[in-house]
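Structural overview
Residue strings, one per chain:
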Amino acid sequence: MDTTRKLWIGLITLLCVGFAVLLWMGGEIYRHQPPIPESIQTESGQVIFTRADIETGRTVWQSIGGQQLGSIWGHGALVAPDWSADWLHRESTAWLSIRSQEQFGQAFETLSAGDQAKLSAELRPDIRANTFDEKTKTLTISNERALAMSQVAAHYESLFSNDPATADLRETYAMKDGTVDTAEHRRQMSAFFYWTAWAAVTNRPNQTTSYTNNWPYDPIVGNQATSSTFLWTVFSVLFMIAGIGLLGWHYAVYHGKEGPLTPPVTDPLRGIVITPSMKATAKYFWLVLALFLVQILLGATTAHFQVEGQYFYGFKLSEILPYSLTRSWHTQLAVLWIATAWLATGLYVAPAISGHEPKFQRFGVNFLFVCLLIIVVGAFTGQWFAVMQKLGLANNFWFGHQGWEYVDIGRFWQVFLFVGLMVWLVLMGRGLWPALRRKDEMTSIVGLLFLSTVAIGMFYAAGLMWGEHTHLSMVEYWRWWVVHLWVEGFFEVFAVAVMSFLFVKLGLVRGKSATVNVLFATIVFMAGGILGTFHHLYFTGTTTAVVALGASFSALEVVPLALIGIEAYDTWSHSKATPWMARYKWPLMFFIAVSFWNLVGAGLFGFLINTPLALYYMQGLNLTALHGHTALFGVYGMLGIGLLLFCVRGLKPDVEWNDKLLRNSFWTLNIGLSMMALLTLLPLGLLQLNAVLNHGYWYARSAEFMGKPIIDLLVWMRVPGDTIFSIGALFLAWVVFRTWVAPKTK
């Protein structure tokens, strides 16, 4: 049995076992998800909230932006509080104040340290006690707790209205006035916030840890990191070290055993016939740049809301485009423009690989482009109406704002997008079919490319697996199938296969070597990637088993990055292999940037927050945004730009690019991203982490902390980096624009 066949067997086995465990654990999450009471009532029988209140309240929360305005269980936006942590702390302090007045006749804050410690110690068993009756589905609370809850609910009902008493707080949280339309909806949303906080502090039956594994950290209520969090953090580091050792051994044994390959005298890609469907992909790349520029503008606007609240340089922008909306569009456009670049690359290379132009392929490419435009405009319009409270709750799920970060668009538009991906899958299959039938050294690479295409098309269906009232824990489970497996998983396999094909086609790598390397890289990446999905679910109402699997396998995601410098060197070597490779200098430079940001953004900053203990304190802080920005744009964005330039080079082979502008674009994009990370996100995240450790998670996300002058200064320090980054994007757009408009030919 040859090496390629062994690797295929290994990959198929890995995928079968990995997804079997992933699905089985999904069943475990469902069975152990925090219960939603049919009724929450006092010992005297007064009904405070019902299940209908909680579920409707969640819909209200989703309609105003959901995870794009504050967060729940640590997942979401960073400016407003985490509502679970905020409610929990406000309820505990209100409860302590009630007891302080009853026992001492004075405010809790004025008590001696000893009396405060006494009341806090007495509160912990009461607030952590699980009084949910599984048979009647009723949660019974004390009259004292109900009074504390009413005080917190009154605060939220004021905050999400037009009440002048909380106007300053709304501005600090970047919330528009009248965020929620009616008093009843505000009351129901408070019910949802209460339930998420209840799950965060209430012990599971016969256990001493809460439904969210004691997240968030809040010493007053006894929420401390669990022993399993410490244990699996240690094992996570050990698994990473072992994985790096094994990868190093494999590299020493197998890498570089073949002799050097003499590159062709002329560029082999110059001989590729540009078909009508390949030409039709040009408009996709124009759309990519347009979406990229709009995303940058929305990102700058979103960041500015953090210092001016409801205003944009004196103009009350929140009345037209509130923070939750600009952030929604900013995060979604990041995925959309990167995904569009990769989808367009697939449509461009499919006929190039097979040498065959299927009938009506150009029509299919054009039809899909129109569908993408309709989806973007339609979905974003629905979200505007939802956030502005003009759509109504009945229509929100299907046409408005689902409130789940990165998968916010209404269900109708999700289904439409899935259909579009199926069209793309058919177009790719038709284009690749002749190459799939051939038996040569490229067969396995083409096969892996096609399988990743199938996975990209089919796995978006995970975003359709939840309904309007599906449990929050299960929504998070399926959501991360899309965000982690779809974006970070199969798109990466697709990109590796495309790049390998290009290098083989250019005559820089042997087909057999590329096949082995691609299959091995896919196995290594998916070994950690599939079950590593669970590291996003440590504190979303899951059990210790999820923590164990997530910690163990997500550590393996870092392993391939240990030798990333070798990949960067190989790519650089390819760029110097022959004089005609100068034509592809800048696409290859962006591929080298991918290697750098893979190490820094995905590797260093990713592992910084990856282990259970680290994420326990860092989830939802700017340290997660640090990883998100440097990994999403640094890796996937740079890769998208590299692929875009490669395809544009093929579409317009005789156009002479402005080398100076491309050089400036490359360095300003990378320098701007570095400044954004090092001048704002990293120091701000470290300050927040210090606040968490000293006071509790709630404080690091509070108005008191986020309103400090040092925080405003750090946010303003984004301006230089953002400006430099934006200039780089404009340089890139101008180069591509001039490729078609008044081009300079050789």
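Residues numbered from 1 in each chain as written. Predicted model: local features only at pLDDT ≥ 70, side-chain atom pairs only at ≥ 80, totals over all residues. Heavy atoms only, no water.

The next point concerns the packing of helix 2 (residues 51–63) against helix 7 (residues 183–201). For the pair helix 2 and helix 7, interaxial distance at closest approach is 7 Å and the crossing angle is 105°. Put simply, helix 2 runs roughly perpendicular to helix 7. Only Glu 184, His 185, Arg 187, Gln 188, Met 189, Ala 191, Phe 192, Phe 193 and Trp 195 of helix 7 make contact with helix 2, whose side of the interface consists of Asp 53, Ile 54, Thr 56, Gly 57, Arg 58, Val 60 and Trp 61. Along the lines of polarity and charge, the residues of the contact of helix 2 with helix 7 split into 8 nonpolar, 4 polar and 4 charged. (Axes fitted to C-alpha atoms, helices over the stretch in contact; angles between N-to-C directions. Helix = DSSP H or I, 4+ residues; strand = E, 2+ residues; numbered from the N terminus. Parallel < 35°, antiparallel > 145°, perpendicular 65-115°, else oblique. Contact = heavy atoms within 4.5 Å. Nonpolar A, V, L, I, M, F, W, Y, C, P; charged D, E, K, R; others polar.)

This next bit is on the sheet that holds strand 2 (residues 47–50). Spatial strand order, 2-1-6-5: 4 strands in an open sheet with mixed pairing. Either end of the sheet is taken by a strand with one partner, and the two such strands are strand 2 and strand 5 (132–133). Across 2 bridges, the pairing between strand 5 and strand 6 (residues 138–141) is antiparallel. Note on strand 6: the bridge partner recorded for Phe 132 is Leu 139. Strands in contact with helix 2 are strand 1 (39–42) and strand 2; relative to strand 2, the strand with the most contacts, it is inclined by about 50°. Contacting strand 1, strand 2 and strand 6, helix 5 (residues 143–159) crosses the sheet at an angle of about 95° to strand 6. (Pairing = 2+ DSSP bridges.)

We now examine unusual backbone geometry. Excluding glycine, residues mostly carry a negative phi; peptide bonds, for their part, are mostly trans. A cis amide bond links Trp 215 with the next residue in sequence, Pro 216, at an omega value of 5°. Along the chain, Pro 216 falls in the loop between helix 7 and helix 8 (227–254). Positive phi, normally seen in glycine, also occurs at Asn 206, with a value near 65°. Assignment of secondary structure puts Asn 206 in the loop between helix 7 and helix 8. With a phi close to 60°, Gln 389 is a non-glycine residue in the positive phi region. Note that Gln 389 resides in the loop between helix 12 (361–387) and helix 13 (393–399).

Below, the discussion takes up the pairing of strand 6. Where a strand is regular, its side chains alternate between the two sheet faces. Here strand 1 pairs with strand 6 via 4 bridges, running parallel. Paired with Ser 39 across the two strands is Thr 138, which belongs to strand 6. With antiparallel pairing between neighbouring strands as the criterion, strand 5 and strand 6 make up a hairpin whose turn holds 4 residues, including Lys 137 at a positive phi of roughly 60°.

Read these as spatial facts, not as claims about activity.
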